[in-house]
Protein chains: 2
Amino acid sequence: MMAGLRERKKEQTRRRIAEAALRLFAERGYDEVTVNEVAEAAGVAKVTLFAYFATKECLVLDEVKEDMARIVTERPPGLSPLGALRAHYRAFAREAPGVDAESLLTRVRVISGSPALLAGVHQAHIGQRYELAAALEREPGDLIARLLAAQITAVITTLQEQFFHRLTCGAPLAEAGQRLADEVDIAFDLLERGFAASYGDKS
Amino acid sequence: MMAGLRERKKEQTRRRIAEAALRLFAERGYDEVTVNEVAEAAGVAKVTLFAYFATKECLVLDEVKEDMARIVTERPPGLSPLGALRAHYRAFAREAPGVDAESLLTRVRVISGSPALLAGVHQAHIGQRYELAAALEREPGDLIARLLAAQITAVITTLQEQFFHRLTCGAPLAEAGQRLADEVDIAFDLLERGFAASYGDKS
DNA sequence: TTTGAAATTGAACCCGGTACGCTTTATGCT
DNA sequence: AGCATAAAGCGTACCGGGTTCAATTTCAAA
């Protein structure tokens, strides 16, 4: 394997492109920057850029992909799928203060500032929904599993939106993380027990 | 108002475009047809086509837009939001055998055959999620309402997918409608009572 | 019948993304 | 070391969705 000089250069190029992209998007807004400009700023041809990133959206979103399906399939024995996901997101919320706030924040701002990127995020969540449904299925075509997968991803999307919104409004990372943790519990309680008690019966 | 000759011509043109589009898409597939071809087939300039339909997707999807928010805001007094939505979709399922199966089916086939259109459908559902959340909000920033809106739209998306899938597999409209009605009840029961009983506790 | 606004058009243009054929460069083999 | 090969990069031309703009036609109202 030899540590691969070639491999190293590839990763380096990929990072140069991604960094140039994020910098330009942060400066002038996603929709105001063309992929040609990104390529030029990264010192690379447009064709090369698209060899590393399938679409313009991927320049921002590729490094943010989650996968909930894995959390379910690799959960410790004795834990329910919902329990595993709840634990995971609770842990994420509590670790929030540890991550690099600077880079996270600019990425969030870029995403929140562009309808196209927000749509991309939603599409990514849709993709996760199918994977999660497959992971939850107990028998082929299990309707309950599909409904559960759909509801979980919808809930996570909502929580992520709230989290992003607070960050872009200037909330400190620690506080946003704390509130996220609380909301994770609220949301999963609702998933487990339903809305009848907290909503459906009123009015 | 004079019945407006102008207005009539406009609607007529719009219909000519939409029909030409659906016909071509059904014949050769959405991605294999260019908007130029649609415009030509409709006897109209590309620029005119885009005066009527904002995007290529809209050629197929504009006539399918629902709005759940209205169902909630205009529900009869004494009925909960969840109750109103359940009743609406149950009614839709039972009326299914009444609609024009031919045209519905080709549209469904066109949509199901194109990833781009499926993505468009999902985006439309996202849009409805925000409207529904606004309709459900009891106070500004009501988290429960947002979660509920997210889960409802996710559920409806799933049920719609199941319905479409059965239709494209050749199920008769009446049967697909019947199963949809059953699934609507299952799904809304889960929304109201949660997954703990039917899923979360096992394994 | 004139006048003005709305509908329609062709043509040029922008941008994301692809196809193709060519050069360069790391690497594995001898 | 030297060489063949495959991978990485590049330039250019192209495609299709979508917009801009100035020019023209068409309805309708006064």
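Residues numbered from 1 in each chain as written. Chains lettered and ligands numbered in written order. Predicted model: local features only at pLDDT ≥ 70, side-chain atom pairs only at ≥ 80, totals over all residues. Heavy atoms only, no water.

It is not clear to me how the protein's contact with DNA strand C should be interpreted in this structure. Could you clarify?
Around DNA strand C there are 21 residues in total, and Arg 6, Lys 46 and Lys 56 of chain A together with Val 47 and Thr 48 of chain B lie nearest to it. Among the atoms of DNA strand C close to the protein, meaning within 4 Å, 60% are from sugar or phosphate groups. Between DNA strand C and Lys 56 of chain A, the relevant distance is 2.5 Å, taken from a phosphate oxygen to a main-chain nitrogen or oxygen of the residue. In the environment of DNA strand C, a phosphate oxygen lies 2.8 Å from a nitrogen or oxygen atom belonging to the side chain of Lys 10 of chain B. Of all the secondary-structure elements, those providing two or more residues to the surface near DNA strand C are helix H1 (5-28) and helix H3 (46-52) of chain A together with helix H1 (5-28) and helix H3 (46-52) of chain B. When grouped by side-chain class, the residues that make up the surface near DNA strand C number nine nonpolar, six polar and six charged. (Near = heavy atom within 4 Å. Polar contact = N/O pair within 3.5 Å; in protein donor to acceptor, adjacent residues only side chain to side chain. Helix = DSSP H or I, 4+ residues; strand = E, 2+ residues; numbered from the N terminus. Nonpolar A, V, L, I, M, F, W, Y, C, P; charged D, E, K, R; others polar.)

Just checking my understanding: could you explain the interface of chain B and chain A for this structure?
Quite often, the size of an interface is put as the accessible area lost when its parts meet. The interface is formed by 44 residues belonging to chain B together with 44 residues belonging to chain A. In this assembly, chain B packs against chain A so that about 3800 Å² is buried in total across both faces, 63% of it on carbon and sulfur atoms. On the chain B side of the contact with chain A, Gln 151, Phe 195 and Tyr 199 of chain B bury the most area, a combined 19% of that side's loss. The salt bridge partner of Glu 161 of chain A is Arg 129 of chain B, with a shortest N-O separation of 3.8 Å. For the side of chain B that touches chain A, the secondary structure elements donating two or more residues are helix H6 (81-95), helix H8 (115-136), helix H9 (143-168), helix H10 (173-193) and helix H11 (196-200) of chain B. Considering each element in turn, the side of chain B that touches chain A owes the most residues, 15 residues, to H9 of chain B. Residue composition of the side of chain B that touches chain A, by class: 23 nonpolar, 11 polar and 10 charged. (Contact = heavy atoms within 4.5 Å. Buried area = accessible area lost by both parts, 1.4 Å probe. Salt bridge = Lys/Arg side-chain N within 4 Å of Asp/Glu carboxyl O.)

Even after reading the chapter, I still don't get empty space enclosed by the protein, so can you show me in this structure?
Any space left empty among the atoms is revealed by the rolling of a water-sized probe across them. With the rule as written, the count across this model stands at two cavities of 30 Å³ or more. The computed volume of the largest cavity comes to approximately 180 Å³. If you trace the largest cavity, you find 16 residues lining it, with Ile 126, Arg 129 and Ala 154 of chain A together with Ile 126 and Ala 154 of chain B closest to the centre. Put simply, the parts of the chain that give the lining of the largest cavity at least two residues each are helix H8 (115-136) and helix H9 (143-168) of chain A together with H8 and H9 of chain B. When the residues that make up the lining of the largest cavity are grouped by side-chain class, the tally is six nonpolar, eight polar and two charged. In this model, the second largest cavity occupies a volume close to 150 Å³. If you go around the second largest cavity, the residues you meet are Leu 61, Val 64, Lys 65, Glu 66, Ile 111, Val 121, Ala 124, His 125, Gln 128, Gln 160 and Phe 164 of chain A. Mapped onto the lining of the second largest cavity, the elements with two or more residues apiece are H8 and H9 of chain A. Tallying contributions element by element places H8 of chain A first for the lining of the second largest cavity, with four residues. Residues that form the lining of the second largest cavity fall into these classes: six nonpolar, three polar and two charged. (1 Å grid on protein atoms, 1.4 Å probe; cavity = no way out; pocket = protein on both sides within 12 Å on 5 of 7 lines; lining within 4 Å. Points joined across faces, edges and corners; volume = space filled by probe spheres on them.)

Can you help me understand the relation of the copies chain B and chain A in this one?
Both copies of the chain are related through a single rotation about an axis accompanied by a shift along the same axis. When chain B is fitted onto chain A, the two copies agree to an RMSD of 0.1 Å after a turn of 180° and an axial shift of 0.0 Å. One copy is carried onto the other by what is essentially a two-fold rotation axis. Relative to the rotation axis, the closest C-alpha in chain B is found at Gly 194 of chain B, a distance of 1.8 Å. The residues that chain B uses at the interface reappear at the interface of chain A in 100% of cases, marking a shared surface. (Least-squares fit on C-alpha atoms with pLDDT ≥ 70 in both.)

How should I be thinking about the protein's contact with DNA strand D in this particular structure?
As a structural note, the neighbourhood of DNA strand D is formed by 21 residues, with Tyr 52 of chain A together with Arg 6, Lys 9, Lys 46 and Lys 56 of chain B the closest of them. Within 4 Å of the protein, atoms of DNA strand D come from sugar and phosphate in 59% of cases. Within the backbone of Val 35 of chain B, one N or O atom sits 3.0 Å away from a phosphate oxygen of DNA strand D. One of the backbone nitrogen or oxygen atoms of Lys 56 of chain B is found 2.6 Å away from a phosphate oxygen of DNA strand D. Of all the secondary-structure elements, those providing two or more residues to the surface near DNA strand D are H1 and H3 of chain A together with H1 and H3 of chain B. A class-by-class count of the residues in the surface near DNA strand D yields nine nonpolar, six polar and six charged.

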